Amino acid sequence: MYLTMIVKSKQRRVIMELKQYFGIIRKRLVLIILCVIIATLTTAAYSYSVYTPVYQASTKFIVNKTVEIEQMGREQMDLSAVGLNIQLINTYKEIIRTPAIMDKVVQRYPELGLTPDLLSRMINVQSVNNTQVMTLSVADTSYERATKVVNAVSSVFQSEIPKIMKVNNVTILNSAGIDDNPLPINKRSNQYILISAAVSLLFAVGIAFLLDFLDDTLKNEEDIQRLMGAPVLASIPRMKTKHAQRLKPIFQEKRVGDAQYAKVEG
């Protein structure tokens, strides 16, 4: 019996604390909502203002056969071509970024307005494991420029490989074409907006509890008992405006101490 009373007492205390917390949030609800709205709108405006779409254009190579060029100018087919070509792909991925290729691209296509270092940072070379296919891609804020750059690098790479490696086994499968409606690879994300909303909500709730903690006014009977050390005999509740409007005509009809007059009709 005694344990049951203790448990019920703790439950009441927890419920009262929860009601107090919810009361604080409800009291500062306007402040919380304003903080969340301002932070969310500010983050959204900043995200959309600094957003710059980036487009990507790509070409594909295939390392399909190994043809050695002899001193006499005759071509000789290597029967173990497939395995060798797959191993050569890693070498080609490094060669394509070297000055031997980048300088040639800059010299042959001066209208691109690029330097070898900038061009090297723009390109990306990938290959699928155990295949003879290489993918060369270029990302840029202009899809038309990305297309021109990737096609230029592909053309120069294909023409220079026989001079560098003494083998002619690179074939362009497809070149990048012009797209009237290209899609950016960096789509707008609402992740930062959601994070801003969540952080601002936590911040606003913390501010609400801080303001309530700093508020030393007497709010209820418990505050008076704790401060005065005496029980509360009576309290006057706050009356809502609509109730006050209903009672106003009653008090205006007659007041205590008002003089009374008699009307004489002749």
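It should be noted that the structure appears before, not after, this text.
Note that the structure is predicted; figures quoted are calculated from it, not measured.

1. Considerations on the overall build of the chain
For step 1, the next point in the chain: When you go through the chain residue by residue, the secondary structure sums to nine helices and six strands.
For step 2, the next point in the chain: By the burial criterion, 23% of the 266 residues in the chain qualify as buried.
For step 3, the next point in the chain: Considering only residue pairs separated by 6 or more positions, the chain has 72% of its internal contacts joining residues 24 or more positions apart.
For step 4, the next point in the chain: A total accessible area of about 19900 Å² is found for the chain, and carbon and sulfur atoms account for 59% of it.

2. As for the pairing of strand β5 (residues 133-140)
For step 1, the next point in the chain: Judged by how many residues are buried, β5 sits mostly within the fold: six of eight residues are covered.
For step 2, the next point in the chain: Relative to β5, strand β1 (residues 55-63) runs antiparallel, the two sharing eight bridges. Note that in β5 the partner of Thr59 across the bridge is Leu136.
For step 3, the next point in the chain: The pairing of strand β4 (residues 123-127) with β5 spans five bridges and is classified as antiparallel. Paired with Gln126 across the bridge in β5 is Thr135.
For step 4, the next point in the chain: From the end of β4 to the start of β5, which pair antiparallel, there are five residues, and Asn130 there has a positive phi angle of about 60 degrees.

3. Examining the pattern of salt bridges
For step 1, the next point in the chain: Following the criterion strictly, the structure yields four salt bridges and no others.
For step 2, the next point in the chain: Residues Asp140 and Arg145 are paired through a salt bridge, measuring 3.7 Å at the closest nitrogen-oxygen approach.
For step 3, the next point in the chain: Given a relative accessible area of 30%, Arg145 falls into the partly exposed group.
For step 4, the next point in the chain: Residues Lys163 and Glu160 are paired through a salt bridge, measuring 3.6 Å at the closest nitrogen-oxygen approach. Of this pair, Lys163 and Glu160 both sit in helix α6 (residues 143-165), separated by three residues, roughly a single helical turn.

4. Some words on the nonpolar core
For step 1, the next point in the chain: Counting residues in hydrophobic clusters, the biggest one holds 33 residues, and the most contacted among them are Tyr92 and Val153.
For step 2, the next point in the chain: Within the residue set of this core, elements represented by two or more residues are β1, α3 (81-95), α4 (99-108), α5 (116-122), β4, β5 and α6.
For step 3, the next point in the chain: At nine residues, the largest contribution of residues to this core is made by α6.
For step 4, the next point in the chain: Beyond its immediate sequence surroundings of up to four residues, Tyr92 is in contact with Val63, Met134, Phe157, Ile161, Met165, Val167, Asn169 and Val170.

Scoring rules and cut-offs
- Residues numbered from 1 in each chain as written.
- Predicted model: local features only at pLDDT ≥ 70, side-chain atom pairs only at ≥ 80, totals over all residues.
- Heavy atoms only, no water.
- Helix = DSSP H or I, 4+ residues; strand = E, 2+ residues; numbered from the N terminus.
- Buried < 20%, exposed > 50% of the residue type's maximum accessible area, 1.4 Å probe, protein only.
- Contact = heavy atoms within 4.5 Å.
- Areas by Shrake-Rupley, 256 points an atom, 1.4 Å probe, with all protein chains shown as cover.
- Pairing = 2+ DSSP bridges.
- Salt bridge = Lys/Arg side-chain N within 4 Å of Asp/Glu carboxyl O.
- Core = buried A, V, L, I, M, F, W, Y, C linked by side-chain atoms within 4.5 Å.

Interpretation note: all reported values are geometric properties and have no functional meaning in isolation.
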